[in-house]
Each structure stands twice: as structure tokens, then as C-alpha cells.
Amino acid sequence: MNNNTYGIDKKHNLNFDEEIMLSKKIQAGNEAKEILQQGNLLSEEERINLNFLVEEGEIAFGQLVEANVPRAMKFAYETWQKNKFGVNDLEDYQQTALKVICTCARTFDWNKGFRFGTLAHNCLKHEMLRENAKTCYALRIPEESLMQLSTVKQNPETSVCKDSDKLIAACSSYISLQSPLGKEGSEEEFGDILPDTRALTAEQIEDRIENENRLLRLNKALEALSDDERLLLKGRMGFFGEQQTLKSFVGTAAKSVSGVQKKQIAAVNHLRELYFSLPLAG
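Because the structure is a prediction, the values reported are computed rather than measured.

Rules and cut-offs
Residues numbered from 1 in each chain as written. Predicted model: local features only at pLDDT ≥ 70, side-chain atom pairs only at ≥ 80, totals over all residues. Heavy atoms only, no water. Helix = DSSP H or I, 4+ residues; strand = E, 2+ residues; numbered from the N terminus. Polar contact = N/O pair within 3.5 Å; in protein donor to acceptor, adjacent residues only side chain to side chain. Phe/Tyr/Trp six-rings, centres within 6.5 Å; stacked < 30°, edge-to-face > 60°. Buried < 20%, exposed > 50% of the residue type's maximum accessible area, 1.4 Å probe, protein only. Lys NZ or Arg CZ within 6 Å of the ring centre and 35° of its normal. Expected span 1.5 Å × (residues − 1). Core = buried A, V, L, I, M, F, W, Y, C linked by side-chain atoms within 4.5 Å. Salt bridge = Lys/Arg side-chain N within 4 Å of Asp/Glu carboxyl O. Patch = residues over 30% accessible without salt bridge, like charges linked within 9 Å, V, L, I, M, F, W, Y side chains within 5 Å. Areas by Shrake-Rupley, 256 points an atom, 1.4 Å probe, with all protein chains shown as cover.

*Asks:* Quick question: what am I supposed to make of the environment of Asp109 here?
*Replies:* Residue position: Asp109 is located in the loop between α4 (90–107) and α5 (116–139). Sequence-wise, Asp109 and Lys24 are 85 residues apart; in three dimensions their C-alpha atoms are separated by 9.0 Å. Within the local environment of Asp109, its side chain forms a polar contact with the backbone nitrogen of Asn111, the two atoms lying 3.0 Å apart.

Here's what the structure looks like:
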């Protein structure tokens, strides 16, 4: 690549005018490339001119990217320094940062009034956060705790140093939660040092299944009641929103509140009989 194509020194930080000039050429090159790819009938002269714009745009693209490589490398290094023992190596962060700069160079719109560096800075910051999130997701621990692992690793007096060694070793590559850790023959698994507190225990799963079976039987028992009994119990239990009072059923279920209460007791007893008469779910 000819670094002086536009009279810009490789070591020179681009000013806004230079960024605009390069971006205009990149945009013109992108538009010319689209025209060429459409396969429309073009004269030889038009094709030559379009190819020139494409080539000029690619040179400008390289120039804009190259001027911002130091920014990308700085972000990559700073992110890696915070998380040396994560899933990513320094080279992974560098490749990701370069990809961000290349995307920004293709999409930068100077008409919005901000510098290229503003776009690149925000995009790099967000992408580096996502890269670290991969490690946090893999380990299921907060990013703040992850950043402290390097400090723990360097302090042999720390009581959790032993566990941190195993954790860091396990993070060096993708590993199953069932993979053994420690000495050969040890029954300890990776998942043992990273318990998922949100996971249901076997007892909780059994309780949930039993509750669901009970609810299923209850619904079947309710459906087996007479219409009057079912409406009364569902109303009193709040099936239709707020719990309805005994008084609200006076005139429909019975002539008095005490009469409604007796009807409810009878309906509950009938429901209980039906419930226990139904077979248990398999």
C-alpha cells in the first residue's frame, strides 16, 4: 500500500478533514462496486472509471484503518490486561479490535458531525465488553470477580489460591463441567467448583412435578363438579381475578350468606371426593 497516496504521513494522526476525504473515497468505492456487481450494460470507459473508484476506495480504506491500528491495539491490550486468565488470548482481542476498526471504516458517516475516533472508541468499548462477557458466561461468575483472578493467582497466601489455580487451568480451553480436576483418579469435577446456584435440585424437580400433577388432578376434579358448584368455588378462590365474597353469591347460589357458606362447604367436600377418586398421573 502506498502510504502517501493522499499526502498523509503514516505516523500522522488524521484530522477531521482528512478523515472526511478518506471516507468519501471509501463510500464512492463502495457505490462503484455495487454498480459493477449489478452487471448492467456499461461502456468500457464507465467500467474503467468505476474500477478506478473501487481501487481508490480500497486504498483510502486501508489508510483509514492503518491510522487507527494503534487505537485498536491499545484497547485490545488494556482489555487483556484486565483478564489475562480468561477464555481469550491477547491475539484474540487484537483480531477483534481490528475487525471493529475495519467495520467502522466502512460505515463511518462524517455528516453526523463526530470524528472517526468517537465511533471507533464506542464500538471498541462495546465489543471488548462482549468479548469479556464470553468468559463470564462460560464461567458463570461476575466480570468484577473474574478481573480479580490475576491478583489471587499472584498471592500464594490467599486461602482460595488453590481453587483459583484449578479455575484458571480449566478456563484455558473449553471444558465440560463433568471433566475431572486435580490429581489422577480424583472424583472432583469442574462443575464442583462452579456450582450453578440457580439450578434446581433433584428434590425441587420432584416437588415441581408433584405440584403439577396435583394441579392437573384439581382441574379435572373441578371440571367434574356441577356448573353451580364449579362457579361458586372458582369465584371464591379468585379464579376470575379478585376473590368474590359470600355475599356476592346471595340470590344465585342461595338466599342468604349462611346458605352460600353451606353450599361452599358442600362443594368443597364434593371436590375433595372427586380429587382423591382420580388416578395419580403416571
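*Asks:* Mind showing me how you'd approach the packing of aromatic side chains here?
*Replies:* Aromatic ring pairs: the centre-centre distance and the angle between the two ring planes describe each pair. Across all of its chains, the model carries four aromatic pairs by this definition. Their ring planes at 55° and their centres at 6.2 Å tell us that Phe108 and Phe114 sit as a pair that is tilted. Given a relative accessible area of 6%, Phe108 falls into the buried group. Since its relative accessible area comes to 27%, Phe114 is described here as partly exposed. Taken together, a centroid distance of 5.1 Å and an interplanar angle of 90° make the contact between Tyr275 and Phe276 edge-to-face. Tyr275 sits in the buried class, given a relative accessible area of 16%. Members of the aromatic cluster, each reached through a chain of ring pairs, are Phe108, Phe114 and Phe116. The residue whose ring lies beneath Arg106 is Phe61, and the NZ or CZ to ring-centre distance is 3.8 Å. The ring of Tyr275 carries Arg217 above its face, with NZ or CZ at 4.3 Å from the centroid.

*Asks:* Help me understand helix α1 (residues 16–37) in this model?
*Replies:* Turn by turn, an α-helix covers 3.6 residues, leaving residues three or four places apart pointing in a common direction. Its 22 residues place the ends of α1 31 Å apart at the C-alpha level, agreeing with the 32 Å of an ideal helix rising 1.5 Å per residue. Buried within α1 we find Glu18, Glu19, Ile20, Leu22, Ser23, Ile26, Gly29, Ala32 and Leu36. The residue sitting at the N-terminus of α1 and contributing the capping side-chain oxygen is Asn15; that oxygen lies 3.1 Å from the backbone nitrogen of Asp17. Gly39 sits one or two positions beyond α1 and adopts a positive phi of about 70°.

*Asks:* Just checking my understanding: could you explain the nonpolar core for this structure?
*Replies:* Within the largest apolar cluster, 24 residues are counted, with the highest numbers of intra-cluster contacts made by Leu64, Ala97, Ile101, Ala105, Phe116 and Leu124. Mapped onto this core, the elements with two or more residues apiece are α1, α2 (44–67), α3 (69–82), α4 and α5. It is α4 that contributes the most residues to this core, six residues altogether. Leu225, Ala267, Leu274 and Tyr275 belong to the second largest nonpolar core, which has eight residues in total.

*Asks:* I tried to follow the pattern of salt bridges on my own but got confused; where do I start?
*Replies:* Side chains that differ in charge, positive against negative, can pair when their charged atoms come close. A full pass over the atoms with the stated rule returns nine salt bridges. A salt bridge links Lys25 to Glu56, with the nearest nitrogen and oxygen atoms 3.3 Å apart. Of this pair, Lys25 sits in helix α1 while Glu56 sits in helix α2, and the two are 31 residues apart along the sequence. Across the salt bridge formed by Glu78 and Lys74, the nearest N and O atoms sit 2.7 Å from each other. Taken as a pair, Glu78 and Lys74 lie in helix α3 at a separation of four residues, close to a single helical turn. What makes Glu78 partly exposed here is its relative accessible area of 36%. Each of Lys33, Glu58 and Arg106 takes part in a single network of salt bridges with overlapping partners.

*Asks:* Where do I start with a nonpolar patch on the surface in this structure?
*Replies:* A cluster of nonpolar side chains, namely Leu231, Met237, Phe239 and Phe240, defines an oily patch on the protein surface of about 410 Å² accessible area. Secondary-structure assignment places Phe239 in the loop between α10 (227–237) and α11 (257–277).

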